[in-house]
Amino acid sequence: LFRAVTDPTKGRVEVEGLQNMLGALKTARQDALQRRRVMGGYDTSETSTATTVATVTKPVDILLVSVSPDALEDFETPFGTFYDQKRQGENMIPNEFPSLRYTTLQFGKYEDNFVGEDLELQFETVDSKQGNAEKEVPKGKRRINRRDAARAVAEALTRPELQGQKVEVWTDQMN
């Protein structure tokens, strides 16, 4: 994100790099599955599959960190607008790599000087915005401290209900 803001020509490189990483991850998973099948270590019985799924929640394959709409100014680059490039990367996972488990976090604007640390994290699913209008923070005013953003990433890895979701993240209050 920082590179794309400071040098707009780098944004396209980041989208292509994401596509290369996702392709390699998908290929590695397919190769491992094929090796297990060939070696006889792949049990296709329904009882073992049901037991495994019930007892083990698999983590996400990729957690993509992006920027919330209206967090930064949109600007034109040689490869389209800044936000168009960000959304292209976000949409790439479910559209081109549907077998991968993912979570996309869209952070509010980073603010270390005027936003306190260790505040309550707010998660809002992008597709199903259901919120209390009284408590809702306007998108342009959503902020997050960098340390809280790191904590949100760790929390997103441990929350299975966020899997397969695009989620906006910010903190509750400003100092």
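Everything below is about the structure shown above.
The rules we used
Residues numbered from 1 in each chain as written. Predicted model: local features only at pLDDT ≥ 70, side-chain atom pairs only at ≥ 80, totals over all residues. Heavy atoms only, no water. Helix = DSSP H or I, 4+ residues; strand = E, 2+ residues; numbered from the N terminus. Expected span 1.5 Å × (residues − 1). Buried < 20%, exposed > 50% of the residue type's maximum accessible area, 1.4 Å probe, protein only. Arc of directions from axis to C-beta. Pairing = 2+ DSSP bridges. Axes fitted to C-alpha atoms, helices over the stretch in contact; angles between N-to-C directions. Contact = heavy atoms within 4.5 Å. Bend = angle between axes of the 7 residues up to and from the residue. Core = buried A, V, L, I, M, F, W, Y, C linked by side-chain atoms within 4.5 Å. Salt bridge = Lys/Arg side-chain N within 4 Å of Asp/Glu carboxyl O.

J.: Please clarify how helix α5 (residues 146-158) should be interpreted in this entry.
T.: One turn of an α-helix holds 3.6 residues; hence residues three or four places apart share an orientation. Over its 13 residues, α5 runs 19 Å from end to end, which matches the ideal 18 Å to within 8%, given 1.5 Å per residue. The set of residues buried in α5 consists of Asp 148, Ala 149, Ala 152 and Ala 156. Taken around the axis of α5, the buried residues stretch over an arc of 100 degrees, which confines them to a single face. Opposite the packed face of α5, turned more than 90 degrees from it, sit the exposed residues Arg 147 and Thr 158.

J.: Just checking my understanding: could you explain the sheet that holds strand β8 (residues 166-171) for this structure?
T.: Within the open sheet, the four strands sit side by side as β1-β4-β8-β6. Their pairing is mixed. Strands with a single pairing partner mark the edges of an open sheet, and in this sheet they are β1 (62-67) and β6 (121-125). With strand direction ignored, the average angle separating the axes of adjacent strands in the sheet is 30 degrees. Sitting on the sheet, helix α4 (residues 82-96) touches β1, β4 (102-107) and β8, and the angle it makes with β1 is about 160 degrees.

J.: What am I meant to see in the pairing of β4 here?
T.: In regular strands, side chains alternate between the two faces of the sheet. The buried count for β4 comes to six of six residues, which makes it a mostly enclosed element. The alternating pattern of β4 places Tyr 102, Thr 104 and Gln 106 on one face and Thr 103, Leu 105 and Phe 107 on the opposite face, and all of these are buried. Relative to β4, β1 runs parallel, the two being bridged by six bridges. Looking across to β4, one finds that Leu 64 is bridged to Thr 104. Where β4 and β8 come together, four bridges link them in parallel fashion. In the sheet register, Phe 107 faces β8, and the bridge partner there is Val 169.

J.: Just to check I follow, could you spell out α4 for this structure?
T.: Counted at 1.5 Å a residue, the expected span for α4 with its 15 residues is 21 Å, and the 21 Å between its end C-alpha atoms agrees. Along its length, α4 reaches its greatest deviation from straightness, about 30 degrees, at Glu 90, and the proline Pro 94 lies no more than four positions downstream. Listed in full, the buried residues belonging to α4 are Phe 82, Tyr 83, Gln 85, Lys 86, Arg 87, Gly 89, Glu 90, Met 92 and Ile 93.

J.: What's the story with the nonpolar core in this structure? I'm lost.
T.: Side chains of nonpolar character tend, in soluble globular proteins, to be buried together. Within the largest apolar cluster, 12 residues are counted, these being Val 60, Leu 63, Leu 105, Phe 107, Leu 121, Ile 144, Ala 149, Ala 152, Ala 156, Leu 162, Val 167 and Val 169. If you list the elements that add at least two residues to this core, you get β4, α5 and β8. By size, the runner-up hydrophobic cluster in this structure holds 10 residues, among which are Val 15, Leu 22, Leu 100 and Tyr 102.

J.: Help me understand the side chain of Arg 87, please; the structure alone is not making it clear to me.
T.: If you trace the backbone, Arg 87 turns up in helix α4. For Arg 87, a relative accessible area of 18% puts it in the buried group. Ignoring sequence-local partners within four residues, the contact set of Arg 87 consists of Ser 66, Val 67, Ser 68, Pro 69 and Gln 106.

J.: Sorry, what's going on with the pattern of salt bridges here?
T.: A full pass over the atoms with the stated rule returns nine salt bridges. With its nearest N and O atoms 3.2 Å apart, the salt bridge here joins Arg 142 to Glu 124. Here the residue Arg 142 occupies a position in the loop between β6 and β7 (143-144), and Glu 124 occupies one in strand β6, the gap between them amounting to 18 residues. Assessed through its relative accessible area of 4%, Arg 142 is described here as buried. Salt-bridge contacts for Glu 168 lead to Arg 142; the nearest nitrogen and oxygen are separated by 2.7 Å. You can see Glu 168 sitting in strand β8 and its partner Arg 142 sitting in the loop between β6 and β7, a full 26 residues away along the chain.

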